[in-house]
Amino acid sequence: MRRIRKTSKQQTSAGSLALDRIDIRILATLQREGRISKSALAARVNLSPSACLDRISRLERSKIIASYHAHIDLKALFEFQTFFMTLTLRSHRAGDFAAFEAYVRKVSEITECYALGGGIDYVLKIVCQNVDGYQALVDRLLDAQLGVDRYFTYIVTKGIKTAPQPPVDVLAASVGRAQSSKA
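Conventions adopted
Residues numbered from 1 in each chain as written. Predicted model: local features only at pLDDT ≥ 70, side-chain atom pairs only at ≥ 80, totals over all residues. Heavy atoms only, no water. Helix = DSSP H or I, 4+ residues; strand = E, 2+ residues; numbered from the N terminus. Buried < 20%, exposed > 50% of the residue type's maximum accessible area, 1.4 Å probe, protein only. Contact = heavy atoms within 4.5 Å. Areas by Shrake-Rupley, 256 points an atom, 1.4 Å probe, with all protein chains shown as cover. Patch = residues over 30% accessible without salt bridge, like charges linked within 9 Å, V, L, I, M, F, W, Y side chains within 5 Å. Salt bridge = Lys/Arg side-chain N within 4 Å of Asp/Glu carboxyl O. Pairing = 2+ DSSP bridges. Axes fitted to C-alpha atoms, helices over the stretch in contact; angles between N-to-C directions. Phe/Tyr/Trp six-rings, centres within 6.5 Å; stacked < 30°, edge-to-face > 60°.

**Q** Go over the overall build of the protein chain, please, and point to the residues and values.
**A** Along its length, the protein chain carries 6 helices and 7 strands. Looking at the protein chain as a whole, 28% of its 183 residues are labelled buried. Sequence separation of at least 24 residues holds for 60% of the intrachain contacts in the protein chain that already meet a minimum separation of 6. Element-wise, carbon and sulfur atoms account for 54% of the exposed surface of the protein chain, whose accessible area totals about 12,700 Å².

Shown next as structure tokens:
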């Protein structure tokens, strides 16, 4: 993960690439409107189309823009259920964590997994067709003998807010505020 910090010249640094306010506006616009035309994007950020395209290419080469996606309304296509699971391993050796994480990466129904501190080792977001599908996944997880000590399941009854990522412009602004308060 790249660390972004605000510099005194009103630029943000991502690794060795300096990002200015226009770069942040380009990223924020693409994040919200991935299908915006290059000419409309250039007009939105007050650049010529060629200058805007140069910046986009630089952001892609540096891997700050990692990919482009379509957000699919899965509920319009399929019936499914979302589950959250908190999980603790019996042993906390590096190899135990590595084995568990390698297994999780191979299970497509596990759409997100986060390692936590503070008493719970992991939280997982799991999407299955129904409770029976979820239970079959849990059975496979336990049969894999990954050292699961205990787990708790939470069934999502209603989605309130989902965002694929935090807004880049909001994070950039908060980084600027944090740097200003330290000065």
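**Q** Describe in detail a nonpolar patch on the surface, supporting the description with residues and values.
**A** A cluster of nonpolar side chains, namely Ile 72, Leu 74, Leu 77 and Phe 78, defines an oily patch on the protein surface of about 410 Å² accessible area. With respect to the secondary-structure elements, Leu 74 resides in the loop between α3 (49-61) and β4 (81-89).

**Q** Give a description of unusual backbone geometry that names residues and reports values.
**A** Even without being glycine, Lys 63 reaches a positive phi, approximately 70 degrees. Inspection of the secondary structure assignment puts Lys 63 in the loop between α3 and β4. You can call Lys 63 exposed: its relative accessible area is 61%. For Gln 145, which is not glycine, the phi torsion reads 50 degrees and is therefore positive.

**Q** Can you break down the sheet that holds strand β7 (residues 148-155) residue by residue, with the values?
**A** Taken together, 4 strands build an open sheet; the order of strands is β5-β6-β4-β7 and the sheet is antiparallel. Every other strand in the sheet has two partners, leaving β5 (110-115) and β7 as the edge strands with one partner each. Averaged over neighbouring strand pairs, the angle between their axes works out to 20 degrees when direction is ignored. Pairing between β4 and strand β6 (residues 122-128): 7 bridges, direction antiparallel. Bridge pairing in β6 links Thr 82 to Val 127. The sheet strands contacting helix α4 (residues 94-105) are β4, β5 and β6, and the helix crosses β6 at an angle near 20 degrees. Where helix α5 (residues 131-143) meets the sheet, its contacts fall on β4, β5, β6 and β7, and the angle it forms with β4 comes to roughly 20 degrees.

**Q** I'd love a proper account of the side chain of Thr 86, names of residues and values included.
**A** Turning to its location among the elements, Thr 86 is positioned in strand β4. Among the residues examined, Thr 86 registers a relative accessible area of 13% and is labelled buried.

**Q** Account for the packing of aromatic side chains, naming residues and giving values.
**A** Taken as a whole and judged by the stated rule, the model has 3 aromatic pairs. Each ring, one from Phe 83 and one from Tyr 134, has its centre 4.2 Å from the other, and the planes form 15 degrees; the classification is stacked. One end of the pair, Phe 83, is in strand β4; the other, Tyr 134, is in helix α5, and 51 residues separate them in sequence. For the residue pair Phe 83 and Tyr 134, the accessibility class agrees, reading buried in each case. Between Phe 100 and Tyr 122 the ring centres are 4.5 Å apart and the planes differ by 35 degrees, which places this aromatic pair in the tilted class. Separated by 22 residues along the polypeptide, Phe 100 in helix α4 and Tyr 122 in strand β6 bring together distant segments of the chain.

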